[in-house]
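Read off the chains here:
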Amino acid sequence: MSTQQIHPSPTPVILIVGAADTGRAPIAVALLRRLAQERGHTWQIASAGVVGHDDDPLQPAARDALAVMGLTLDDHTARSLTDDLAHTAHLLIAVDSGIARVLHNRYPQATIYSLGELAGRSRDIPDPAGMQIGAWLHYSREMEQLLKAGFERITTILSGNNAVEESLPLALPPPPPPPSERQEVCARATRLLDAIQAMPDVIDWPAARGRLQATLAELMPLATEPTDLTMLYVEALNRWLDRQTSTPSADRIIRLRTAIERGQHPVGQSEVADLMRWPD
């Protein structure tokens, strides 16, 4: 099989590749089309999937999330990624790094980036299949932010200047500073949330909850300022977790993730009071 890319269309072609092509990938298509239109670009933007779900429609929760964001894809049907599709695309965008690895193995000569890579971030958007609209809306908005952050790079790639850009290491931004101890603790907690969210029927919730609470407790001694109420914040968060007798819903997981990410920095009275008002 030839891996040489072929570009018969003078208009740049972007192919966004997901798993089943019924969720993240078509959502990213709708988001990128809007961004491109707002900036005056006439790119061809479409999607495909590496897992065969041909002719399946957009997942209902994905459709509803797009509607909330003012977008529609009513005519979308899933299709499998083919060699012809891959070879005619000027740019392949994978929805996560796992799918990017699949694409690199299949098409080593193609121009391939994950959403996170385009934005310069080590972030993969989880697949919210089977979750409620709250999760879909949260991850759709996060995909939109990644596409906005990576839009300039997409433009550079499609203009044919990507090789020049990557050959000038001095022009690259400096590496980000190492994470603080608080950030590392919160990162471990959010990774645990990712596992809970990905396998809600498999995870032992009481055990996962205990591990999560123990991880959050590591934040308490990291408060170094008198006005930093991290100890009270963690206590309130862990009391709320105590009241969750079963795996939290997708909406509550999202709220919990936001609260944990807030703990990366000193917190005050308003943040603690907000936690105290959380419903059981």
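Data block above holds the structure.
Let me begin by describing the structure that accompanies this report. Just so it is clear, the structure is predicted and the values come from calculations on it, not from any experiment. (Residues numbered from 1 in each chain as written. Predicted model: local features only at pLDDT ≥ 70, side-chain atom pairs only at ≥ 80, totals over all residues. Heavy atoms only, no water.)

A few words now on the overall build of the protein chain. Regarding its fold elements, the protein chain presents twelve helices and four strands. Taken along the three principal axes of its C-alpha coordinates, the protein chain extends 65 × 45 × 35 Å. Long-range contacts, defined here as pairs at least 24 residues apart, represent 76% of the contacts in the protein chain between residues at least 6 apart. Split by element, the accessible area of the protein chain, about 14200 Å² in all, is 53% carbon and sulfur. Computed over 25 positive and 34 negative side-chain charges, the inter-centroid distance for the protein chain is 4 Å. (Helix = DSSP H or I, 4+ residues; strand = E, 2+ residues; numbered from the N terminus. Contact = heavy atoms within 4.5 Å. Areas by Shrake-Rupley, 256 points an atom, 1.4 Å probe, with all protein chains shown as cover. Lys, Arg positive; Asp, Glu negative; His and termini not counted. Charge placed at Lys NZ, Arg CZ, Asp CG, Glu CD.)

Turning our attention to the packing of helix α8 (residues 181-198) against helix α9 (residues 205-217). Where α8 contacts α9, the axes come no closer than 9 Å and their chain directions differ by 165°. Overall, the two elements α8 and α9 adopt an arrangement that is roughly antiparallel. The way α8 lies across α9 gives a crossing that is left-handed. On α9, the residues that touch V185, R188, A189, L192, L193 and I196 of α8 are W205, A208, R211, L212, T215 and L216. (Axes fitted to C-alpha atoms, helices over the stretch in contact; angles between N-to-C directions. Parallel < 35°, antiparallel > 145°, perpendicular 65-115°, else oblique. Left-handed = near helix turned anticlockwise from the far one by under 90°.)

All right, on to the pairing of strand β3 (residues 91-94) then. The side chains of a regular strand alternate, residue by residue, between the two faces of the sheet. Neither face of β3 is open: one carries L91 and I93, the other L92 and A94, and all of them are buried. When strand β1 (residues 13-18) meets β3, the two strands line up parallel, connected through four bridges. Looking across to β3, one finds that L15 is bridged to L92. Summarising the sheet, β3 and strand β4 (residues 112-114) pair through three bridges and their orientation is parallel. The residue of β4 that forms the bridge with I93 is Y113. Each parallel crossover has a hand, and for β3 linked through helix α4 (residues 97-106) to β4 it is right-handed. (Buried < 20%, exposed > 50% of the residue type's maximum accessible area, 1.4 Å probe, protein only. Pairing = 2+ DSSP bridges. Right-handed = clockwise from strand over helix to strand, strands pointing away.)

Let us look at the pattern of salt bridges. One pass over the structure, following the stated rule, counts ten salt bridges. In this structure, D194 engages R257 in a salt bridge whose closest nitrogen and oxygen atoms are separated by 2.5 Å. Residue D194 is found in helix α8, and its partner R257 is found in helix α11 (residues 250-262); the two are separated by 63 residues along the sequence. According to the relative accessible area criterion, R257 is buried, its value standing at 5%. Residues R262 and D274 are paired through a salt bridge, measuring 3.6 Å at the closest nitrogen-oxygen approach. Here R262 is found in helix α11, whereas its partner D274 is found in helix α12 (residues 269-276), with twelve residues between them in sequence. R262 sits in the partly exposed class, given a relative accessible area of 31%. (Salt bridge = Lys/Arg side-chain N within 4 Å of Asp/Glu carboxyl O.)

This part is about the packing of helix α10 (residues 230-242) against α11. Axis separation between α10 and α11 bottoms out at 11 Å; the angle between their running directions is 165°. When the axes of α10 and α11 are compared, the pair comes out roughly antiparallel. With respect to the hand of their crossing, α10 and α11 are arranged in left-handed fashion. Contacts between α10 and α11 involve Y233, L237, W240 and L241 on the former and, on the latter, R252, L256, A259, I260 and R262. By residue class, the composition of the contact of α10 with α11 is seven nonpolar, no polar and two charged. (Nonpolar A, V, L, I, M, F, W, Y, C, P; charged D, E, K, R; others polar.)

The next subject is the nonpolar core. Side chains of nonpolar character tend, in soluble globular proteins, to be buried together. By size, the foremost hydrophobic cluster in this structure holds 59 residues, and its most contacted members are I14, I16, L32, L81, L92, I93 and I154. No other element matches the eleven residues that helix α6 (residues 133-158) contributes to this core. For I14, the contacting residues outside a window of four places in its chain are L32, W43, Q44, I45, A46, L91, I93, I154 and L158. (Core = buried A, V, L, I, M, F, W, Y, C linked by side-chain atoms within 4.5 Å.)

Quick look at the sheet that holds β4 now. Pairing in this open sheet of four strands is parallel, and the strands run β2-β1-β3-β4 from one edge to the other. Two strands close off the open sheet at either side, each with one partner strand: β2 (44-49) and β4. For this sheet the average axis-to-axis angle between neighbouring strands, irrespective of direction, equals 25°. Packing against the sheet, helix α1 (residues 24-38) makes contact with β1, β2 and β3, and its axis sits at approximately 170° to β2. With respect to the sheet, α6 is in contact with β1, β3 and β4, its orientation differing from that of β3 by roughly 150°.

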